[in-house]
Amino acid sequence: MKRKQLIPLALVFCLFFLWAISSNLLPTMIRQLMKTCELNAFEASFTETASTIEAATETASSKEDIAGVMEIAGQLGVSADDIVEFTETMIKLGDSTELSAGDAASAIAKFANVTGMSINDADKLGAVIVDLGNNYATTEQDIVNLSTRLAGAGAQIGLSDAQILGLATALSSVGLEAEMGGSAMSKAMVKMQVAVET
């Protein structure tokens, strides 16, 4: 076979191989998502269409990343009605910060569950996190980690979502780390609340 014929043939085989991989992986991911989120066939087809459109037009994230965020969201209790919008927000947050979309989805869904925040406000929460990260001497990752750790105690003593995020931003700006500082600060907040009530 001549070299001139070999290059186009190799390109055709490569394109066919890529097409085969992408067409086989997506249905598998959608089946996992159907099981995790208890979606019916219609909802799954809508989700598949949405994920394909998102991957193709608006983000650098792969279909696999998008499906992974959807799976995390389903595991953490995001309803089937809200899962596409929530996933879009997390993908954008992952694209614009050092947070991965999966980490953002996990942390924000947990934060919403603990504080009672509506998952429909995830886009507003994401925008606030980005704004705080841009305007203070901390990163979005640090804000999310610390606010997730402070959420339980903050909700217990009556802090709003905004107050928890503000406190997390202030503490992470001065170098307090989420692992040790979050636990210590949570204990201090609860002790202060008990002292005020007695």
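A few points on the structure. This one's a predicted model, so the numbers in the text were calculated from it and none came from an experiment.

### A word on helix α3 (residues 63-75)
Here's step 1: Between its first and last C-alpha atoms α3 spans 18 Å; for 13 residues at 1.5 Å apiece the expected length is 18 Å, and the two agree.
Here's step 2: A positive backbone phi angle near 95 degrees is found at G77, which sits one or two residues after α3.

### Describing helix α6 (residues 122-135)
Here's step 1: For α6, with 14 residues, the first-to-last C-alpha span of 20 Å sits near the 20 Å given by 1.5 Å per residue.
Here's step 2: Three or more residues of α6 are buried, namely A122, L125, G126, I129, V130, L132 and G133. For α6, the arc enclosing every buried residue in end-on projection is 165 degrees, short of the 170-degree limit, so these residues lie on one face. What points out from α6, more than 90 degrees from its buried face, is the exposed set K124, N134 and N135.
Here's step 3: Contact partners of the buried residues in α6: α4 (83-96), α5 (101-115), α7 (140-156) and α8 (161-173).

### A few points about the side chain of S172
Here's step 1: Along the chain, the position of S172 falls in helix α8.
Here's step 2: Of note is the side chain of S172, whose polar atom sits 2.8 Å from the side chain of T138.
Here's step 3: Among residues more than four places away in sequence, those in contact with S172 are A137, T138, D142, I143 and L146.

### Details of a negative patch on the surface
Here's step 1: Together, E98, D142, E177 and E179 give the surface a local cluster of negative charge.
Here's step 2: Its place among the elements puts E177 in the loop between α8 and α9 (178-197).
Here's step 3: Judged by its relative accessible area of 55%, E177 is exposed.

### Considerations on the packing of α4 against α5
Here's step 1: Axis separation between α4 and α5 bottoms out at 8 Å; the angle between their running directions is 125 degrees. It follows from the interaxial angle that α4 and α5 lie oblique. Where α4 crosses over α5, the two elements pack in a sense that is right-handed. Facing F86, M90, I91, L93 and G94 of α4, the residues of α5 in contact are A101, A104, A105, I108 and A109.
Here's step 2: Of the residues in the contact of α4 with α5, the class split is nine nonpolar, one polar and no charged.

Reading guide: rules and limits
- Residues numbered from 1 in each chain as written.
- Predicted model: local features only at pLDDT ≥ 70, side-chain atom pairs only at ≥ 80, totals over all residues.
- Heavy atoms only, no water.
- Helix = DSSP H or I, 4+ residues; strand = E, 2+ residues; numbered from the N terminus.
- Expected span 1.5 Å × (residues − 1).
- Buried < 20%, exposed > 50% of the residue type's maximum accessible area, 1.4 Å probe, protein only.
- Arc of directions from axis to C-beta.
- Contact = heavy atoms within 4.5 Å.
- Polar contact = N/O pair within 3.5 Å; in protein donor to acceptor, adjacent residues only side chain to side chain.
- Patch = residues over 30% accessible without salt bridge, like charges linked within 9 Å, V, L, I, M, F, W, Y side chains within 5 Å.
- Areas by Shrake-Rupley, 256 points an atom, 1.4 Å probe, with all protein chains shown as cover.
- Salt bridge = Lys/Arg side-chain N within 4 Å of Asp/Glu carboxyl O.
- Lys, Arg positive; Asp, Glu negative; His and termini not counted.
- Charge placed at Lys NZ, Arg CZ, Asp CG, Glu CD.
- Axes fitted to C-alpha atoms, helices over the stretch in contact; angles between N-to-C directions.
- Parallel < 35°, antiparallel > 145°, perpendicular 65-115°, else oblique.
- Left-handed = near helix turned anticlockwise from the far one by under 90°.
- Nonpolar A, V, L, I, M, F, W, Y, C, P; charged D, E, K, R; others polar.

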